[in-house]
Amino acid sequence: MTNATVHMEGRLHAPAHGAVATGAVHAKGQQHPIKLYLVVWGWLFVLSTCSYLVDYFGLHGYLRWSLILLFMVLKAGLIVAVFMHMAWERLALAYAILLPPIAVLVFVSIMVLESEYTHFLRVLFFVSPS
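Nothing here was measured: the structure is a model prediction, and the numbers come from that model. (Residues numbered from 1 in each chain as written. Predicted model: local features only at pLDDT ≥ 70, side-chain atom pairs only at ≥ 80, totals over all residues. Heavy atoms only, no water.)

Student: Just to check I follow, could you spell out the overall build of the protein chain for this structure?
Tutor: Summing up its helical and strand segments, the protein chain has five helices and zero strands in all. Start at the N end of the protein chain and walk to the C end: the helices and strands fall as α-α-α-α-α. Across the 130 residues in the protein chain, those meeting the buried criterion constitute 8%. In the structure as shown, the protein chain presents an accessible area of about 11,200 Å², 73% of it carried by carbon and sulfur atoms. (Helix = DSSP H or I, 4+ residues; strand = E, 2+ residues; numbered from the N terminus. Buried < 20%, exposed > 50% of the residue type's maximum accessible area, 1.4 Å probe, protein only. Areas by Shrake-Rupley, 256 points an atom, 1.4 Å probe, with all protein chains shown as cover.)

Below, the structure is given as C-alpha cells:
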C-alpha cells in the first residue's frame, strides 16, 4: 500500500470526536417532544369542531364556505408543518411546496372576480327589461 492509502484508511477507521457525536444523533433520530404533538392534535380537534359547528348553526352562502375553507386550510397547514416536518425543512423546500397552492388560490380568486364582472355585464346589456 502507498502512504496515501494508509493515511486514508486511518481516517476512515478513526473518526473525529465531532463525527462520533453527530453519528450518535443521526443513529438515534430526531425526536420532538410529545407535548408538541398533543398541542397540534388539540388544535386539530378544535378546528374540526368549529367546521362541524358551521353546519350545526346552519350558516349559508359565502360565510359558510369561507369558514369551512379557512378551517380546512388551517388544519392542512398544521398537518404539513408538524406531522410532515415541514416546519424544520429548508426554506427553499417549503417555498417549493407552499407557493404553488398559494398561486392557484390567487388565480382562482382572480377568476371569481372576473366571472362576477362578466355576469354583471351580461345582465346589464343582454337581459331585456320587463
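Student: How should I be thinking about helix α5 (residues 91-126) in this particular structure?
Tutor: Note: α-helices contain 3.6 residues per turn, so residues at a spacing of three or four share the same orientation. Taking 1.5 Å as the rise per residue, α5 with 36 residues should run 52 Å; its terminal C-alpha atoms sit 51 Å apart, in good agreement. Taken as a whole, α5 carries its principal kink of about 30° at Leu98; the proline Pro100 stands between one and four residues after it. (Expected span 1.5 Å × (residues − 1). Bend = angle between axes of the 7 residues up to and from the residue.)

Student: What am I meant to see in the UniProt feature "transmembrane region" (unreviewed entry) in the protein chain here?
Tutor: The UniProt entry lists residues 36-59, 65-84 and 91-113 under the feature "transmembrane region" (unreviewed entry), expressed in the numbering used here. Secondary structure across residues 36-59 divides into 88% helix and 0% strand, with the first and last C-alpha atoms of the span separated by 33 Å. What you have in residues 65-84 is 95% helix and 0% strand, and the ends, taken at the C-alpha atoms, are 27 Å apart. (UniProt positions renumbered as here; feature names shortened; annotations may be inferred.)

Student: Honestly, the environment of Tyr37 in this entry has me stumped. Any pointers?
Tutor: Mapped onto the fold, Tyr37 is located in helix α3 (residues 34-56). Along the sequence, Tyr37 and Val82 sit 45 residues apart, while their C-alpha atoms lie 7.7 Å from each other.

Student: Would you explain the side chain of Ser51 in this entry?
Tutor: Here Ser51 lies in helix α3. For Ser51, a relative accessible area of 14% gives the class buried. Within the structure, Ser51 has its side chain in polar contact with the backbone oxygen of Ser48 (distance 2.8 Å). Residues in contact with Ser51, not counting those within four places in the same chain, are Phe71 and Lys75. (Polar contact = N/O pair within 3.5 Å; in protein donor to acceptor, adjacent residues only side chain to side chain. Contact = heavy atoms within 4.5 Å.)

Student: I tried to follow helix α4 (residues 61-83) on my own but got confused; where do I start?
Tutor: Here α4 contains 23 residues, and its C-alpha end-to-end distance of 33 Å stays within 8% of the 33 Å for a straight helix at 1.5 Å per residue. His85 sits one or two positions beyond α4 and adopts a positive phi of about 60°.

Student: Hey, could you run me through the packing of aromatic side chains in this one?
Tutor: How two aromatic rings sit relative to each other is given by the distance of their centres and the angle of their planes. Going through the model one piece at a time under the given rule, you end up with three aromatic pairs. Look at Trp41 and Phe83: their rings are 6.2 Å apart centre to centre, the planes differ by 25°, and that puts the pair in the stacked class. Of this pair, Trp41 sits in helix α3 while Phe83 is found in helix α4, placing the two residues 42 residues apart along the sequence. Owing to a relative accessible area of 45%, Trp41 belongs among the partly exposed residues under this scheme. Given the relative accessible area of 29%, Phe83 is considered partly exposed. An angle of 70° between the planes, with centres 5.5 Å apart, marks the rings of Tyr56 and Phe57 as edge-to-face. Each member of the pair Tyr56 and Phe57 is classed as exposed. Feature note: the residues Tyr37, Trp41 and Phe83 constitute an aromatic cluster, connected by ring pairs. Taking NZ or CZ as reference, Arg64 lies 4.9 Å from the ring centre of Trp65, over its face. (Phe/Tyr/Trp six-rings, centres within 6.5 Å; stacked < 30°, edge-to-face > 60°. Lys NZ or Arg CZ within 6 Å of the ring centre and 35° of its normal.)

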